[in-house]
Protein chains: 2
Amino acid sequence: MPATISTTRPGGRSARVRAAVHRAVVEFLAENPAEALTLPLIASRAGVHPTTLYRRWGSVAELMADVASSRFSGDIVVPDTGSLREDLRRWAADVATDLADPDVLALMRATIGSGPGGGCACTADRHAQLTAILDRERSRGGTAPETLHAADVLLGPLYYRAIFVGQPADPGWTAELVDTLLK
Amino acid sequence: MPATISTTRPGGRSARVRAAVHRAVVEFLAENPAEALTLPLIASRAGVHPTTLYRRWGSVAELMADVASSRFSGDIVVPDTGSLREDLRRWAADVATDLADPDVLALMRATIGSGPGGGCACTADRHAQLTAILDRERSRGGTAPETLHAADVLLGPLYYRAIFVGQPADPGWTAELVDTLLK
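- The name an unreviewed UniProt entry assigns to chain A is TetR/AcrR family transcriptional regulator, from the organism Amycolatopsis thermalba.

See the structure below:
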């Protein structure tokens, strides 16, 4: 059974509100600059009372960080194929697919600088997934690179091409990144 | 004598206007969202007639692309030490220093999506510099990796850490990136 990174997934109404609010943010950012986003505007678009947003997220920054982390990575399943190389290849391909989504640019722009220390909230979950894959290999008795080094070699080029070069990743290339890391 | 990437550097008044306008853009973005930037506002801040900006840059997008490419890379001297490894180490260290500048975040945010094909105008000059370094090694009779691969291995992690992780690069780490590329 594939393991998933555990994220809080409250069921029922709470999950529906979160989904509606996240969708409203993504739609809003596709049409408007990030700076124009306010909690009342998102509440209205999502059909939710503004108080709900203030209680749940507190601020635009926290809402954006939540959207960014769940949009970019929260729903990516961490593969468990029994092989570190294959796990990383599948995961890198999933990341590449996610980065190819047209919504990504607006969300990236909106959340760069939103993370602790000035980074992007969009990377925390990615690093957690990577750590989970690498730790699992160690628990099998294998050796695995450090998370930060793996992020440099895999996420560095993936993000660089998607965001700065504007060139889509092809499957052969993402597999090569993994081979470079495990060489 | 160190080679430099040739960029148009008109002397005299024209160069002064360009410098004043670029400075005005950087200062404006440090205080305001990118979406608020207009050519008349920049003209006023730079003490230049708006017509000059319209004639020279045509649009906000072109001005931003010009600022991004010259700010991020136009003034980096391409090293020529006689050794590919040492050239790349020096160049990567210069890129890292540039990316550590606090102004960088605002300019990145403002110019992501500004390049051809949706990338960032900030990378075109970097790739030109990298190509110059790699071509020079070939002209010496040595072998050198392709530019795009070198960009993946060097610029990928450099940009990823600076923009998405918010972690400054240290000199030992940038040297390792070069060693990974030339391994």
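Let us keep going from here.
Quick word on the side chain of T174 of chain A
At step 1: Of note, T174 of chain A is situated in helix α9 (residues 171-182).
At step 2: Look past the residues within four positions of T174 of chain A in its chain and what remains in contact with it is A92, A93, A96, L158 and A169 of chain A.

Considering the confidence of the model for chain A
Residues and elements named next belong to chain A.
At step 1: Counting all residues, the mean pLDDT for chain A is 83, and 85% of those residues have values of 70 or more.
At step 2: Taken element by element, the predicted model of chain A shows its lowest mean pLDDT in helix α6 (residues 103-111) (71) and its highest in helix α2 (residues 39-46) (94).
At step 3: Counting interchain partners and residues more than four positions distant, the pLDDT-below-50 stretch residues 1-10 has 17 contacts.

Looking at the packing of aromatic side chains
At step 1: Evaluation of the coordinates by the stated rule reveals seven aromatic pairs over all chains.
At step 2: Between the aromatic rings of Y160 of chain A and Y159 of chain B, the centroid separation amounts to 5.2 Å while the plane-to-plane angle is 75°, which identifies the pairing as edge-to-face. In this pair, Y160 of chain A sits in helix α8 (residues 147-165) while Y159 of chain B sits in helix α8 (residues 147-165), so the two residues belong to two different chains. In terms of burial, Y160 of chain A and Y159 of chain B fall into one category: buried.
At step 3: Here a set of aromatic residues connected by ring pairs shows up, and it is made of Y159, Y160 and F164 of chain A together with Y159, Y160 and F164 of chain B.
At step 4: Taking NZ or CZ as reference, R161 of chain B lies 4.1 Å from the ring centre of W173 of chain B, over its face.

Calculation notes
Residues numbered from 1 in each chain as written. Chains lettered and ligands numbered in written order. Predicted model: local features only at pLDDT ≥ 70, side-chain atom pairs only at ≥ 80, totals over all residues. Heavy atoms only, no water. Helix = DSSP H or I, 4+ residues; strand = E, 2+ residues; numbered from the N terminus. Contact = heavy atoms within 4.5 Å. pLDDT = per-residue confidence, 0-100. Phe/Tyr/Trp six-rings, centres within 6.5 Å; stacked < 30°, edge-to-face > 60°. Buried < 20%, exposed > 50% of the residue type's maximum accessible area, 1.4 Å probe, protein only. Lys NZ or Arg CZ within 6 Å of the ring centre and 35° of its normal.

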